[in-house]
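Here is what each chain is made of, one letter per residue.
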Amino acid sequence: MVRRVSVRKLTPAELVARPEQSVWRQAAVALDEEPDGRWRAFARHHGSRGLLLLLTAFAIYLLFPAPRLPDGVVFERGVVATQDVIAEIPFDILKSFDELTREQRDAANGVPPVYVLDSSAADSVVADVDRLFLALDSIVDRTEGDARRTAIRAFLDANRITPTPVSVELIADSARRATLHRSIAGAVRSYYPLGVVSALLSASVSTIRVELPSGTERYVARDSLLTPDRFRGLAAERYADAPDIAELQQLILIRFFQPSLVYDGARTEAVRDRARAAVDPVVARVLKGERIVGAHEQIGEVQEERLRAYQTALVASGSGLTLQDRWFSLAVGGILFNALILGILGGLIYFFRQRIYRDWRSLVLIVTLVLVVSVAAAIGARLGLPVETIPVTFAAVIIAALWDARLGLATSMVLAILIGSQTPFIGVTATFMAAVGGAAASFGVRVVQRRTRTWHFIALVSAAYTLAVITMGLLRGTPVREVGGLVGWSLANVVVASLLALGFLPLCELFTRLTTDQTLLELSDLNRKLLNRLSLEAPGTYAHTVAVANIAEAAANAIDANGLLTRVGTYYHDIGKLTKPQYFIENQPRGRNPHDKLKPGTSASIIRNHVAEGLKLAESDRLPEAIRNFIAEHHGTQQISYFYNKALELDPDGQINAADFTYPGPRPRSRETAIVMLADTVESAARVLQDATPARLREMVDRLVAQKLLEGQLSQSPLTLKELDQIKEAFNTVLSGMYHQRIDYPSAPATGSAIKAAGSEEGTAVGEAPVVPAPEALAAGIEAKVHVPHR
């Protein structure tokens, strides 16, 4: 069973007094401070929580800003309409965002790219060719023979025109060179004005739009365009019989190619923007008096789309307000709507969970979980995911684990109503699925006590989701294949949300300072560092601790307290004795007591300091505060009577400070720590009780519990008199089992020394009681653990 464990918190005054506290820490403490009658404290305490609720409601409104459907037109897909829905006003059915975007994209893609005819391109290419041939003329004029051929070849290589022996001879010949020059320039002048496009034109483009220098436009099919290859092919027709000359001409045209048709991106995008704007966002227009959905007609995708469009039109025309005022009123109404639903959970916490209401961290965590689920639901709605993916399980698991299943269930129900009331989820399905899944998760947390049980929990919640999906499928007549898909979505939701919740649970424990049963089970491992040290370095204390744990757990279970917490807290309550174990009677060899050489004040200081030393060890081992409370409170403010009386005997007229012989406290503040105080006392007394019959054990338990009551040690614990009777009965049952009558087996007579050795603290196992004060002395106020002479 997973239950939350509350922890003792320092008072706000104590925390604020700490110089190391940051401003944020002091602010958090102030928010936790309970109002003390001052109106400012009252306003800060309750106002901060009301503001938190309103901010949460506002955040959820931002996630789901669309207005809600009027009550009269709420139909969910798959439901059969019971009556005709007639349009009271005309309205447009708008295309969905995805549909409109797709049509606008198609319209833009259908617009041909715009190209501009560059009349200067031909002049630029001709100028480059002229400079090439001018340089060649200069080389030919300056050189002769092989030197001329070598210079021509080097010049062509430098201009990335690969020469051949034929092309070098052609260029060396002045007449043929001039003819080639005129041929290239003529080709450019002839074909460039027609438009030569770049080779980078996309293969998907079938037509381009050409803007001419005159301002006119024409559309040119791709097949009619002059591509670079086609242009060079036309230019080469003049040298059909001279392939070497044609190749050199082609290389020169490639080297200095510039398209005369230049792509104009700005004009193209402007034309496409106009095409996008021309797409009609309206699917259909419904006239006043036209039937939207007919009676006995099943609501499908089309009908749902028409109803939602009708909803928006009704809300927009519902008052005489301007558009701005209308949206303002809708926003205020939406925020108040969310706040009232969240107020149900807030009221439950205020009236029935005051501890949570006072703890600011707990409230912040609950609000955070609500927002996480809402954000996930909003993202799912925008992605078109089914309602089965809303992760209510995430919040339910954490809340039920930290506190209890009832609060987890209440939170799940509020989340189901809240999310099911938002526009994307209006109807039965979202609310039903969230409620069933959240309830199953809240109840199922009880089985998650060990990691091996995690998949048992997931299977339980998955079964609940599966039944819910099948139920809705049967009601709606959903096809089997679609139901199977929804089951798959729900199972994925359960697995992911549950594993994430269990993964984040330790962080939530750390944030709220609460301790769950999973953590307690880990701390109960007797092989942990501190407990292992206790068993090796203070074996007597360890044996005493285990015995007290058995007694205390039985008593806690008897009054429906947290038995696991009680046992684990008992394991650690005496760890402070590790610092000086030899000064406690249960760890001392017989006949050796170091206190015989110490003053009573020094001995009392060692005894009382095991509480402070235990808290230091708990801090270093990072034990949760719930466990530290057992260390601090298990002695309360009891007096160390043995050494106090001894001090009085040694110095009757001296000024003895009673506080030096008193435990620092505080007194037990929970049922569990109070039980450990009582169990600690009765177990110690039972060990030295002569003739431990059930009747004598019962009498001893009654005296010691009554003594604790008279001393006021239980004044701050929530134990009732009825629960004390149940605790005493549990003590008697366990102690009677521990100290039951043994069979006296025949044996050889024991020597005197053997009998004397049997009179140790554990000697009662063979019926030989040690020489110790009677239980009446213990009941008279002598602290059991230091009376013989101390423990």
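First, a word on scope: everything that follows refers to the structure included in this document. (Residues numbered from 1 in each chain as written. Predicted model: local features only at pLDDT ≥ 70, side-chain atom pairs only at ≥ 80, totals over all residues. Heavy atoms only, no water.)

**Brief notes about a nonpolar patch on the surface**
Thinking step 1. Taken together, the side chains of Val-375, Ile-379, Leu-383, Leu-385 and Trp-489 present a nonpolar region at the surface, about 450 Å² in accessible area.
Thinking step 2. At 3 residues, helix α15 (residues 360-383) tops the list of elements feeding residues into the nonpolar patch. (Patch = residues over 30% accessible without salt bridge, like charges linked within 9 Å, V, L, I, M, F, W, Y side chains within 5 Å. Areas by Shrake-Rupley, 256 points an atom, 1.4 Å probe, with all protein chains shown as cover. Salt bridge = Lys/Arg side-chain N within 4 Å of Asp/Glu carboxyl O. Helix = DSSP H or I, 4+ residues; strand = E, 2+ residues; numbered from the N terminus.)

**A word on empty space enclosed by the protein**
Thinking step 1. In this structure the tally under the stated criterion is 2 cavities of 30 Å³ or more.
Thinking step 2. Counted as a void, the largest cavity has a volume near 40 Å³.
Thinking step 3. Residue lining of the largest cavity: Thr-162, Thr-164, Ser-167, Asp-244, Glu-247, Leu-248 and Leu-251, and that is the complete set.
Thinking step 4. When residues in the lining of the largest cavity are grouped by element, the largest group, 4 residues, is from helix α10 (residues 243-255).
Thinking step 5. Partitioned by chemical class, the residues of the lining of the largest cavity number 2 nonpolar, 3 polar and 2 charged.
Thinking step 6. By volume, the second largest cavity is sized at about 30 Å³.
Thinking step 7. Residue lining of the second largest cavity: Val-387, Glu-388, Ile-390, Val-392, Ala-430, Met-433, Ala-434, Tyr-465 and Asn-493, and that is the complete set.
Thinking step 8. At 3 residues, the largest contribution of residues to the lining of the second largest cavity is made by helix α18 (residues 428-444).
Thinking step 9. Taken together, the residues of the lining of the second largest cavity break down into 7 nonpolar, 1 polar and 1 charged. (1 Å grid on protein atoms, 1.4 Å probe; cavity = no way out; pocket = protein on both sides within 12 Å on 5 of 7 lines; lining within 4 Å. Points joined across faces, edges and corners; volume = space filled by probe spheres on them. Nonpolar A, V, L, I, M, F, W, Y, C, P; charged D, E, K, R; others polar.)

**Details of the sheet that holds strand β5 (residues 217-221)**
Thinking step 1. Judged by pairing direction, the sheet is mixed, and its 4 strands sit side by side in the order β5-β4-β3-β6 without closing on themselves. Of all strands in the sheet, those bounded by a partner on one side alone are β5 and β6 (261-263). Each adjacent strand pair in this sheet contributes to an overall mean axis angle of 35 degrees, direction not counted.
Thinking step 2. Inspection of the sheet shows strand β3 (residues 114-117) paired to strand β4 (residues 207-211) by 3 bridges, in the parallel sense. The residue of β4 that forms the bridge with Val-114 is Arg-209.
Thinking step 3. Each of β3, β4 and β6 touches helix α11 (residues 265-277); the most contacted strand, β3, lies at about 140 degrees to it. (Pairing = 2+ DSSP bridges. Axes fitted to C-alpha atoms, helices over the stretch in contact; angles between N-to-C directions. Contact = heavy atoms within 4.5 Å.)

**Here we look at the pattern of salt bridges**
Thinking step 1. What the rule picks out here adds up to 29 salt bridges.
Thinking step 2. The salt bridge partner of Arg-232 is Asp-229, with a shortest N-O separation of 2.7 Å. Highlighted residues: Arg-232 and Asp-229, both in helix α9 (residues 228-236), separated by 3 residues, approximately one helical turn.
Thinking step 3. You can call Arg-232 buried: its relative accessible area is 12%.
Thinking step 4. For Asp-229, a relative accessible area of 59% puts it in the exposed group. (Buried < 20%, exposed > 50% of the residue type's maximum accessible area, 1.4 Å probe, protein only.)

**Things to note about the packing of helix α8 (residues 174-191) against α10**
Thinking step 1. Remark: α8 packs on α10, axes separated minimally by 11 Å, with the N-to-C direction vectors making an angle of 50 degrees. By the criterion of interaxial angle, the relationship of α8 to α10 is oblique. Remark: the crossing between α8 and α10 carries right-handed chirality. Residues Arg-176, Leu-180, Ser-183, Ile-184 and Val-188 of α8 form the contact with α10, whose own contacting residues are Ile-245, Leu-248, Gln-249, Ile-252 and Leu-253.
Thinking step 2. In terms of residue class, the contact of α8 with α10 is made up of 7 nonpolar, 2 polar and 1 charged. (Parallel < 35°, antiparallel > 145°, perpendicular 65-115°, else oblique. Left-handed = near helix turned anticlockwise from the far one by under 90°.)

**Some thoughts on the pairing of strand β2 (residues 91-94)**
Thinking step 1. Only one face of β2 is covered, namely the one carrying Phe-91 and Ile-93; the face carrying Asp-92 and Leu-94 has none of its residues buried.
Thinking step 2. As paired elements, β2 and strand β7 (residues 282-286) share 4 bridges and run antiparallel to each other. Paired with Phe-91 across the strands is Val-286, a residue of β7.

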